[in-house]
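Observations on the model geometry
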Amino acid sequence: SASELDSIDVAELNRLAVEQVEPADLMLGDESEATPVVRFVHKILMDAVHTGASDVHFEPYENRYRVRFRTDGVLHEKAKPPIQLRELITARLKIMASIDIS
C-alpha cells in the first residue's frame with residue numbers, strides 16, 4: 001500500500017513556509033480545516049504507526065530538516081519538510097504533548 005506521506009502536498013508546505021501562521025492554527029479542530037502543518041505531522045505519525053516504527057525522529061538542522069523512523073533497529077529517512085517550518089512543526093508537536101509552546 002502507498003505510504004501516507006505520498007499524499008502530502010509539498011507545494012502547500014512550501015507556501016506555508018513563507019506565510020504567517022498563528023499558534024491557534026496548529027490546534028487540531030475539524031480535519032477539513034486543519035492546516036498543512038497539522039496534516040503533515042498527523043500523516044507522519046500515522047505512517048509511523050502503520051509501518052511499525054518504534055520511534056520517530058524530527059531532526060531540524062541548520063540548513064535542512066528531516067524526519068526518520070526507526071524500524072527493526074534501523075533509522076530510515078521518511079520526509080524532508082522545508083527548513084522554514086521547523087518552528088511550526090515543533091510547536092505542533094508541543095501542542096500535541098500539552099507542552100507550553102513559548
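About the cut-offs
- Residues numbered from 1 in each chain as written.
- Predicted model: local features only at pLDDT ≥ 70, side-chain atom pairs only at ≥ 80, totals over all residues.
- Heavy atoms only, no water.
- Helix = DSSP H or I, 4+ residues; strand = E, 2+ residues; numbered from the N terminus.
- Buried < 20%, exposed > 50% of the residue type's maximum accessible area, 1.4 Å probe, protein only.
- Polar contact = N/O pair within 3.5 Å; in protein donor to acceptor, adjacent residues only side chain to side chain.
- Pairing = 2+ DSSP bridges.
- Axes fitted to C-alpha atoms, helices over the stretch in contact; angles between N-to-C directions.
- Contact = heavy atoms within 4.5 Å.
- Salt bridge = Lys/Arg side-chain N within 4 Å of Asp/Glu carboxyl O.
- Core = buried A, V, L, I, M, F, W, Y, C linked by side-chain atoms within 4.5 Å.

1. Topic: the environment of Ser-54
If you trace the backbone, Ser-54 turns up in the loop between helix H2 (36-51) and strand S1 (55-60). With a relative accessible area of 57%, Ser-54 lands in the exposed category. For the pair formed by Ser-54 and Leu-75, sequence separation is 21 residues and the distance between their alpha carbons is 9.8 Å. Among the polar contacts made by the side chain of Ser-54, one reaches the side chain of Asp-55 at a distance of 2.9 Å.

2. Some points on the sheet that holds strand S3 (residues 74-79)
Here three strands make up an open sheet; going across it, the order is S1-S2-S3 and the pairing antiparallel. Only two strands of the sheet have a single partner each, and these edge strands are S1 and S3. Sheet twist, expressed as the mean angle between neighbouring strand axes with direction ignored, is 30°. Pairing analysis gives five bridges linking strand S2 (residues 65-71) to S3, with the strands arranged antiparallel. If you follow Arg-70 over to S3, its bridge partner there is Leu-75. Strands S1, S2 and S3 of the sheet are contacted by H2, whose axis makes an angle of about 20° with S2.

3. Structural notes on the side chain of Thr-71
Within the secondary structure, Thr-71 sits in strand S2. For Thr-71, a relative accessible area of 17% translates into the label buried. Look past the residues within four positions of Thr-71 in its chain and what remains in contact with it is Thr-51, Gly-52, Ala-53 and His-76.

4. Notes on the pattern of salt bridges
Applying the stated criterion across every chain yields a total of six salt bridges. Across the salt bridge formed by Arg-68 and Glu-59, the nearest N and O atoms sit 2.9 Å from each other. Residue class for Arg-68 comes out buried when judged on its relative accessible area of 17%. With its nearest N and O atoms 3.9 Å apart, the salt bridge here joins Glu-77 to Arg-66. One end of the pair, Glu-77, is in strand S3; the other, Arg-66, is in strand S2, with 11 residues separating them in the sequence.

5. Examining the nonpolar core
Val-37, Phe-40, Ile-44, Phe-58, Tyr-65, Val-67 and Ile-89 are the most contacted members of the largest nonpolar core, which has 14 residues in total. Elements represented by at least two residues in this core include exactly H2, S2 and helix H3 (86-96). Per-element tally for this core: the top contributor is H2, with five residues. Those residues within four positions of Tyr-65 in sequence are excluded, and the remaining contacts are Phe-58, Glu-59, Pro-60, Ala-79, Lys-80, Pro-81, Ile-83, Arg-86 and Ile-89.

6. Quick word on the environment of Val-37
With respect to the helices and strands, the residue Val-37 is situated in helix H2. You can call Val-37 buried: its relative accessible area is 2%. Along the primary structure Val-37 and Pro-81 are separated by 44 residues, whereas in three dimensions their C-alpha atoms are 9.8 Å apart.

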